[in-house]
Amino acid sequence: MGFVGIDRNYKQDAFIGLTAGIGFVVLNKVSAQFVLGLPAIALSVGQLSQFVVTAMAAPAFEETFFRGVLPGTLQSLFHNKTWWLFNIAQATLFALFHYAAYGVGFQTAFVGAFLFGLVAGLITKYTNSILPSILMHSVFNSYLWLMSNVSFGGI
Amino acid sequence: MSRKLKLNQDTVRALRLMIVVGVLPTLWVLINTNFYAGMVYLILGGVIVLLILMERLGVV
């Protein structure tokens, strides 16, 4: 088993992550079902704090855990080499985390977060790095934060 | 023991990034405010470190 970290192909991985993040933004435009629950932070803490948590801390912690260490631990615990089973397992736990910790609706968690988890797991496997999924998560969360916090004057 | 706990470079890079863009900003926000999500992340960070240590020590 092994944990996935960040390998030396920063530039290529960053490009893949940013592109995939933009892809999820487009998907959200196509269907509003594709959202991730944002961290439950009171509006009173201020927009900068909200942004720091939403666009930086959440992706860093969640991706390191769900894509970095969890699949390797599951693989080791269950002595099974079928990768896609672990990908479904980590995506399910990722969706449950969004349901339980952020208090989002069941449908939001098991449509948006589950699909996001599957794609992030796939990208992590093929790049052997969690950097793309961190950036993908960060781009998508930044967009969702922007949509819920900033008024665009009718746009 | 220390040789067993040695982490590979990829993991070290990931943990370094997690500390810089995750732990430090969360602590900053927690100090300035008080919110539930910050605690969730610190617990998640603790679990990550625990799992890595368990793997290095051969527990899992």
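Note that the coordinates shown come from a computational prediction; the quantities given were computed from them, not determined experimentally. (Residues numbered from 1 in each chain as written. Chains lettered and ligands numbered in written order. Predicted model: local features only at pLDDT ≥ 70, side-chain atom pairs only at ≥ 80, totals over all residues.)

Regarding the overall build of chain A
- The secondary structure content of chain A amounts to five helices and zero strands.
- Helices and strands in chain A line up, N terminus first, as α-α-α-α-α.
- Over its C-alpha trace chain A gives a radius of gyration of 15 Å, about what one expects of a compact globule, namely 15 Å for 155 residues.
- The principal-axis extents of the C-alpha atoms in chain A amount to approximately 55 × 35 × 30 Å. (Helix = DSSP H or I, 4+ residues; strand = E, 2+ residues; numbered from the N terminus. Rg over C-alpha atoms; globule rule 2.2 N^0.38 Å.)

Regarding the overall build of chain B
- Regarding its fold elements, chain B presents two helices and zero strands.
- With the C-alpha coordinates of chain B rotated into their principal frame, the extents come out at 40 × 20 × 15 Å.
- In chain B, which comprises 60 residues, the share counted as buried stands at 30%. (Buried ≥ 20, exposed ≤ 12 C-beta atoms within 10 Å, placed from the backbone.)

Quick word on the nonpolar core
- A:L36, A:A57, A:F61, A:F65, A:V69, A:A113 and A:M136 are the most contacted members of the largest nonpolar core, which has 51 residues in total.
- At the level of secondary structure, the elements contributing two or more residues to this core comprise α1 (10-30), α2 (47-78), α3 (83-102), α4 (106-127) and α5 (131-149) of chain A together with α1 (9-32) and α2 (36-56) of chain B.
- The element that contributes the greatest number of residues to this core is α2(A), accounting for twelve residues.
- Among residues more than four places away in sequence, those in contact with A:A57 are A:V52, B:G22, B:P25, B:T26 and B:Y41. (Core = buried A, V, L, I, M, F, W, Y, C linked by C-beta atoms within 7 Å. Contact = placed C-beta atoms within 7 Å.)

Focus on the packing of α2(A) against α3(A)
All names here are of chain A.
- Between α2 and α3, whose axes approach to 10 Å, the crossing angle comes to 125°. On the basis of their axis angle, the class for α2 and α3 is oblique. By crossing handedness, the relation of α2 to α3 is classed as right-handed. Side by side, α2 and α3 meet where F66, R67, L70, P71, L74 and Q75 of the first sit next to F86, A89, Q90, L93 and F94 of the second.
- In terms of residue class, the contact of α2 with α3 is made up of eight nonpolar, two polar and one charged. (Axes fitted to C-alpha atoms, helices over the stretch in contact; angles between N-to-C directions. Parallel < 35°, antiparallel > 145°, perpendicular 65-115°, else oblique. Left-handed = near helix turned anticlockwise from the far one by under 90°. Nonpolar A, V, L, I, M, F, W, Y, C, P; charged D, E, K, R; others polar.)

Describing unusual backbone geometry
Residues and elements named next belong to chain A.
- Not every positive phi belongs to a glycine, and N128 is a case in point at roughly 55°.
- For N128, the location among the structural elements is in the loop between α4 and α5.
- When the 14 C-beta atoms within 10 Å are taken as the criterion, N128 is described as partly exposed.

Considering the interface of chain B and chain A
- Facing 27 residues of chain B, the contacting portion of chain A comprises 25 residues.
- Going through the elements one at a time, α1 and α2 of chain B are the ones with two or more residues in the side of chain B that touches chain A.
- Here the side of chain B that touches chain A gets twelve residues from one element, more than from any other, and that element is α1(B).
- The residue makeup of the side of chain B that touches chain A, split by class, is 17 nonpolar, seven polar and three charged.

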